[in-house]
Amino acid sequence: MKVAGFSFVKNAVLYQYPLIEAIKSILPICDEFVIAVGKSDDGTLELIQGMNEPKIRIIETVWDEKPKEGPHVLAVETNKAMAHISPEMDWAFYIQADEVVHEKYWETIKEAMLKYKDNDKVDGLLFNYLHFYGSYDYVATSSNWYDHEIRVIKNNPAIYSHGDAQGFRKNEDEKLRVKPIEAYIHHYGWTREPEALKKKQVNFYSMYEDEFGKPKDFEKMAEKFDYEHFVNSIAPFKGSHPEVIAELIKKKNWKFEYDISMSNKSLKDKTKEFLKKYLGINTYYTNYIISKD
């Protein structure tokens, strides 16, 4: 069984993405790692090259960030990386630049890959998610945050990145058939230094001009991202972080202080949880189909 890792990135240094940690978190179970690196102004390309990792293959790209109809630029860049995965690979492991996999899940992931490698009714593997918010000590619990997503797919030319690169489709907008596994993706996109997060948010929303408003509107945001202003429902994180991100956590240089008693789930969230837990009715958005085979 052969496994390729793949990702895309641009200006990882400027926006403080834990890119190296993300790559290292899945590299041990990959035979190769393909990353599409957009033309950057901050040394992102050199950062990856400095890893001196023979498994990594860099594809240099230029992003078309002007909002337009059709595939979003993030999906386009993801597909560029996918296109360079070696044909002999059985699986493709997708990791975004702010996602990290705990080493304790490596065996679970590999076992699932072996189990479903030759099952034509399974297109991918579905992961659980932990969205860290404000600091590395809290996770978001609102239904506004997706709790599952596909991160391992068959190396199938019919599969492509969908939407703004959160999930995948195959053929003509067909949802993938997946198997859930007991493994988590640690999403650290909302734990970066507030100034860097503000810059990242302004840049991110500028790619959605038609839907969310003009980029200039987002330039009016405060110089620092206000974590406390945007928080809705969070809970203390009681688990362990992946080893690869331990040093980054030690270097954290801002404080996020929040009265956890003020964090309450909305009636909508409570209703959704009740329906799913006690009645088996899933009202959450799903970007996939759970395979029964």
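Note that the coordinates shown come from a computational prediction; the quantities given were computed from them, not determined experimentally. (Residues numbered from 1 in each chain as written. Predicted model: local features only at pLDDT ≥ 70, side-chain atom pairs only at ≥ 80, totals over all residues. Heavy atoms only, no water.)

### Quick look at the sheet that holds strand 11 (residues 174–175)
Part 1: Reading across from one edge, 9-10-11 is the order of the three strands in this open sheet, with antiparallel pairing throughout. Among the strands making up the open sheet, the edge pair consists of strand 9 (159–162) and strand 11.
Part 2: Pairing of strand 9 with strand 10 (residues 167–170), which is carried by four bridges, proceeds in the antiparallel orientation. Following the sheet pairing, Tyr160 is matched in strand 10 by Arg169.
Part 3: Along the sheet face, helix 3 (residues 73–82) touches strand 9 and strand 10 and points at about 155 degrees away from the line of strand 9. (Pairing = 2+ DSSP bridges. Helix = DSSP H or I, 4+ residues; strand = E, 2+ residues; numbered from the N terminus. Contact = heavy atoms within 4.5 Å. Axes fitted to C-alpha atoms, helices over the stretch in contact; angles between N-to-C directions.)

### Describing the nonpolar core
Part 1: In terms of nonpolar packing, the biggest core is built from 36 residues, with Ile35, Phe93, Ile109, Leu125 and Phe127 touching the most fellow members.
Part 2: Where this core is concerned, the elements lending two or more residues are strand 1 (3–9), helix 1 (19–26), strand 2 (32–38), helix 2 (44–49), strand 4 (91–94), helix 4 (106–116), strand 6 (124–133) and strand 12 (177–190).
Part 3: When residues of this core are assigned to their parent elements, the largest contribution, five residues, is made by helix 1.
Part 4: Every residue in contact with Phe127, bar those within four places of it in the chain, is listed here: Phe93, Ile109, Asp147, His148, Glu149, Arg151, Val152, Ile181, Ala183 and Ile185.
Part 5: Residues Val34, Met82, Tyr94 and Ile153 belong to the second largest nonpolar core, which totals 24 residues. (Core = buried A, V, L, I, M, F, W, Y, C linked by side-chain atoms within 4.5 Å. Buried < 20%, exposed > 50% of the residue type's maximum accessible area, 1.4 Å probe, protein only.)

### Overview of the pattern of salt bridges
Part 1: Here the structure, examined in full by the defined rule, presents ten salt bridges.
Part 2: A salt bridge links Arg192 to Asp98; the shortest N-O distance between them is 3.7 Å. Linking Arg192 in the loop between strand 12 and helix 5 (194–206) with Asp98 in the loop between strand 4 and strand 5 (99–101), this pair joins segments that are 94 residues apart in sequence.
Part 3: Residue Arg192 is classed as buried on the basis of its relative accessible area of 3%.
Part 4: With relative accessibility at 7%, the residue Asp98 sits in the buried group. (Salt bridge = Lys/Arg side-chain N within 4 Å of Asp/Glu carboxyl O.)

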